Amino acid sequence: MDPFINHKGIVAPLDRSNVDTDQIIPKQFLKRIERTGFGEFAFFDWRYLEPGVLNPEFILNEERYKNASILVSGTNFGSGSSREHAPWALLDYGFKVIIAPSFADIFRNNCFQNGILSIILDKNEVDHIMGMSLSTKNYELNVDLENEIIYDDSGFKTSFKIDPFRRDSLLKGEDEIARTLTSSDQIDNYEKNRIKRW
Amino acid sequence: MKKTLFEKIWNSHVVEQLDDDLALIYIDLHLVHEVTSPQAFESLRINSRKVRRPDLTVATIDHNVPTLDRFNIKDPISKQQIETLRKNCEDFNVPIYDIDNVNQGIVHVIGPELGLTQPGMTIVCGDSHTSTHGAFGALAFGIGTSEVEHVLATQTLLQKKPKTMSIEAVGNLPFGVTPKDLILSIIGKIGVDGGTGHAIEFRGDAFENMSMEGRMTVCNMTIEGGGRAGMVAPDEKTIEFVQGKKFTPKGKNFDQLLEIWKELKTDDGAKFDTEIKIDCSSLEPHVSWGTNPGQVVSVNSSIPDPNDFDTPEKKSNAESALEYMGLEAGQKISDVKIDRVFIGSCTNGRLEDLRAAAKIIDGKKVGKNVNAMVVPGSGIVKMLAEKEGLDKVFINSGFEWREAGCSMCLAMNPDKLSPQERCASTSNRNFEGRQGKDGRTHLVSPEMAAAAAIEGHFVDVRNWK
Ligand code: SF4
C-alpha cells in the first residue's frame, strides 16, 4: 500500500445519503477474482443508461468532475454489504479521499485496508464543501493527514480525527498483516492460554 | 466492575491492545464463501503466507449456486469463482461444504445448523450478515476481503472496540406478529445508521420468548440498522439448540462449556452507551415501501408523503425511493400489487420460516399473475422440509420449490427480477437493483409473503382467511 501523507485534488459531489455498496459496485461485478479493474463498473446503474452509454444526468459524468479524486457525500456512506469491491472500485475510479458526515463501519474498515482516507466532518462542513464543489469550477481541497486538517485556497479550513494507530498505518503505508505477524508471540501465548475449547 | 455481555466476550478475546480503542482480537470461527475470498487467498500465495488455523476455518458455496440445476453452472465467471474456492480450500487445507454435500447452504444458516456457532465465540465472515450468529450470544460481524486475509494469516483481527447499545423489548409480540416485523420496525425507528459503531444487545421479554430462529432473523438484520453486531444472551433455548449438533463438543467438554456459558450475560447494573426501549404490545405486521430497510410501514398504513419527513435529507430520500419503487404517497400499502414472491435467504430461509409460510398457503392457490418461489436456506433445511411434506404444500399451491442457496436475495445466480417487477421478499435488503436491475423489493415476514402470493397484493395475515 502507498503511504498517504497529504493529498490535493478536485472534489466531486454525490449529494445522497445511504449510498450503499450495492450501488457503488453492483453484484454482477463481484464474480471477478482480481482486486483491480473495478473502476469502470463503479456506480454502474447510475452511471450508464446501458452498457457503454453514459447517463448524462449522473453528476459524476459531468466533464468538470472527470479528474476528481475527492468524493463528498451524505450520511451513512458505504452501507450494506461488506464487499471490499466497493473501495476497490472507488480507488480504481480515482478517488483517494471520501468525505461524509458518517460511514458504515465495515466500509470504513475496508477503506483503511486500501489506503483510502475516509473523513468524517460535521454535516454543515460537508454541506459547505458540497456547495463549493457544485458552484466552483475545479474546486480543490488539500488534505493533510499528518496534521489532520483539510482546507481550500479560499479560506475554508477544518480539522478531522483518525484513530492514532490507523493514522500511523496510513502515513507509513503499512501492510497490516505484516504488522500483526510481528505479534506472533502474543498470538501464540493467547492460544496457549485460551480456554481449551475456544 | 459490572460488564455487558459484549464486554465479556470482547475482553476475553483481546490479544494485544494497540491504542485506546483499537485491539488485536482473536477469532474463534472464520466462515468463508466464494465471493469475498478469492483475492484473500491469492494474496496469501503472493506473500507466501499460510492459513494459521485451518481447523477454525470453514468454507461453503452459496452466493452463486443455481437453484434449479446446481451441477450445471452456465455462467463461466460464476463457475470460475466456485472452482477457485475449491482449489483454495484444497491448497490451504480448509474444510469445505461443496454443492454435492447435504450440509451445503447459506453460510449463516449452516453455521448454527452444524453447531459451529456457539455462545461466547468471536465469529467473522466476509459477509455483512454474519451478525446472524449473534443470536447465540456470540460476537459475530462481517469483514472485508483484506480482513479475511488477515484472519486467514493470523487468526486475529484489528478492530476498534464498538460502543454498546441495548435494545430492550417491553412486552411480547402480539399474535401474528413475527420477529421480522419487530426488526423491521426497530430499523424504521432507529434508522439505517442508528446502530453504526455499536454492538447491540437485544434484551427483554419479546427476545427471551423468541425461538432461536427468530433471534437469528433479528440479529441477521442488525446490520441493516447499521449495527456492528447484534446479540442475544444465551439461555436454555440456546443450549438446547446447540446441544448434540455435529461440531458441538460432547460429554465432559460440553459440561465445561455450560459452566462458561452461564456467565455470558450482562451483569445487573452494567451500563450501555445507548439504551433504547421498544414497546412490542401494539406492533403490527410490517412492509417496506422504499429502497432501504428503514423505509417501512405497518400493513394497515399508507405510504408516507415525503413532505411529512422532518429533514430535507429524509424527504429527498423518500422522493427518490417512491420514484424508483413506482409508488405514490398516500397509497394504501395493502393495495400494492405484486408480481413475484421470494421466500428464502439467511434472514428467513430456515425450517421454521418455511413451516410458517406453508401453514398460511396450505390448500390455497398462488394468485394468477404471481410467480412465487421457495429457496431453502440449506441442504438440511430442504431435506427436513421435504420429510415433513412442506415441498408438496408449496408445489400444490403453485410455488416453485428450489435448491438451497442465496438465490434472489441478491440475484447473483440466474434468479432475478426483471425491470419494474415487484416482489414480496423475505430477504433483508430492498436496495435499488438488489434483486435485479430496476426490480422493486418489499421486505416482509414469511407469513406476509405467503399471504401476498395468494392474494396478489399485501394483506394483514392476522385477520386474513
Ligand atoms: S442470503 Fe442474501 S444476505 Fe444472506 S448471505 Fe446470501 S446474499 Fe447475503
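Figured I'd write up the structure that's included with this text.

Calculation notes
- Residues numbered from 1 in each chain as written.
- Chains lettered and ligands numbered in written order.
- Predicted model: local features only at pLDDT ≥ 70, side-chain atom pairs only at ≥ 80, totals over all residues.
- Heavy atoms only, no water.
- Helix = DSSP H or I, 4+ residues; strand = E, 2+ residues; numbered from the N terminus.
- Rg over C-alpha atoms; globule rule 2.2 N^0.38 Å.
- Buried < 20%, exposed > 50% of the residue type's maximum accessible area, 1.4 Å probe, protein only.
- Areas by Shrake-Rupley, 256 points an atom, 1.4 Å probe, with all protein chains shown as cover.
- Contact = heavy atoms within 4.5 Å.
- Salt bridge = Lys/Arg side-chain N within 4 Å of Asp/Glu carboxyl O.
- Polar contact = N/O pair within 3.5 Å; in protein donor to acceptor, adjacent residues only side chain to side chain.
- Nonpolar A, V, L, I, M, F, W, Y, C, P; charged D, E, K, R; others polar.
- Pairing = 2+ DSSP bridges.
- Axes fitted to C-alpha atoms, helices over the stretch in contact; angles between N-to-C directions.
- Phe/Tyr/Trp six-rings, centres within 6.5 Å; stacked < 30°, edge-to-face > 60°.
- Lys NZ or Arg CZ within 6 Å of the ring centre and 35° of its normal.

## Section: the overall build of chain B
Here is step 1: The secondary structure content of chain B amounts to 16 helices and 19 strands.
Here is step 2: Taking 465 residues into account, the globule formula puts the C-alpha radius of gyration at 23 Å, and chain B, at 21 Å, falls close to it.
Here is step 3: Seen through its principal axes, chain B has C-alpha atoms that stretch 55 × 55 × 45 Å.
Here is step 4: Counting the 465 residues in chain B, one finds 67% classified as buried.
Here is step 5: As displayed, chain B offers around 16,300 Å² of accessible surface, 48% of which is attributable to carbon and sulfur atoms.

## So, the overall build of chain A
Here is step 1: Looking only at helices and strands, one finds eight helices and nine strands in chain A.
Here is step 2: Considered along the principal axes of its C-alpha atoms, chain A spans approximately 60 × 40 × 25 Å.
Here is step 3: Relative to its full complement of 198 residues, chain A shows a buried share of 61%.
Here is step 4: In chain A, once contacts between residues fewer than 6 apart in sequence are set aside, the share between residues at least 24 apart is 66%.
Here is step 5: Entry remark: accessible area of chain A is about 8,300 Å², with carbon and sulfur atoms responsible for 47%.

## Comments concerning the pattern of salt bridges
Here is step 1: Under the defined criterion, the tally for this structure stands at 43 salt bridges over all chains.
Here is step 2: Of the charged contacts, one joins B:R52 and A:D188 as a salt bridge, the two residues approaching to 2.7 Å between their closest N and O atoms. Of this pair, B:R52 sits in the loop between α2 (38-46) and β4 (57-60) while A:D188 is found in helix α8 (residues 184-193), placing the two residues in two different chains.
Here is step 3: Judged by its relative accessible area of 23%, B:R52 is partly exposed.
Here is step 4: What makes A:D188 partly exposed here is its relative accessible area of 34%.
Here is step 5: In the salt-bridge network here, residues are joined through shared partners; they are A:R35, A:E84, A:D175, B:R49 and B:E149.

## A few points about the interface of chain A and chain B
Here is step 1: Counting from both sides, the interface comprises 55 residues of chain A and, opposite them, 78 residues of chain B.
Here is step 2: B:D28 serves as the salt-bridge partner of A:R194, at 3.0 Å between the closest nitrogen and oxygen.
Here is step 3: Across the contact surface, chain A and chain B share 39 residue pairs in polar contact (both at pLDDT 80 or more).
Here is step 4: With six residues, the single largest contributor to the side of chain A that touches chain B is helix α7 (residues 176-181) of chain A.
Here is step 5: Split into classes, the residues belonging to the side of chain A that touches chain B amount to 16 nonpolar, 17 polar and 22 charged.

## A word on the sheet that holds strand β9 (residues 163-170) of chain B
Residues and elements named next belong to chain B.
Here is step 1: Across the sheet, four strands lie side by side as β11-β10-β9-β12; this open sheet has parallel pairing. The open sheet is flanked by β11 (229-231) and β12 (274-279), the only strands paired with a single partner. Along the sheet, successive strands turn relative to each other by an average axial angle of 20 degrees, direction set aside.
Here is step 2: Summarising the sheet, strand β10 (residues 198-204) and β11 pair through three bridges and their orientation is parallel. When the bridges of β11 are listed, E201 appears paired with M231.

## Some remarks on the packing of aromatic side chains
Here is step 1: Inspection of the entire model under this criterion finds 21 aromatic pairs over all chains.
Here is step 2: Between the aromatic rings of A:F43 and A:F58, the centroid separation amounts to 6.0 Å while the plane-to-plane angle is 50 degrees, which identifies the pairing as tilted. Remark: A:F58 occurs in the loop between β3 (53-54) and β4 (70-73) and A:F43 occurs in the loop between α1 (21-24) and α2 (44-47); sequence separation between them is 15 residues.
Here is step 3: Owing to a relative accessible area of 8%, A:F58 belongs among the buried residues under this scheme.
Here is step 4: Taking NZ or CZ as reference, A:R32 lies 5.1 Å from the ring centre of A:F38, over its face.
Here is step 5: One Lys or Arg, B:K245, reaches over the ring of B:F241 and ends 4.3 Å from the middle of that ring.

Remember that the coordinates give geometry; whether it matters functionally is a separate question.
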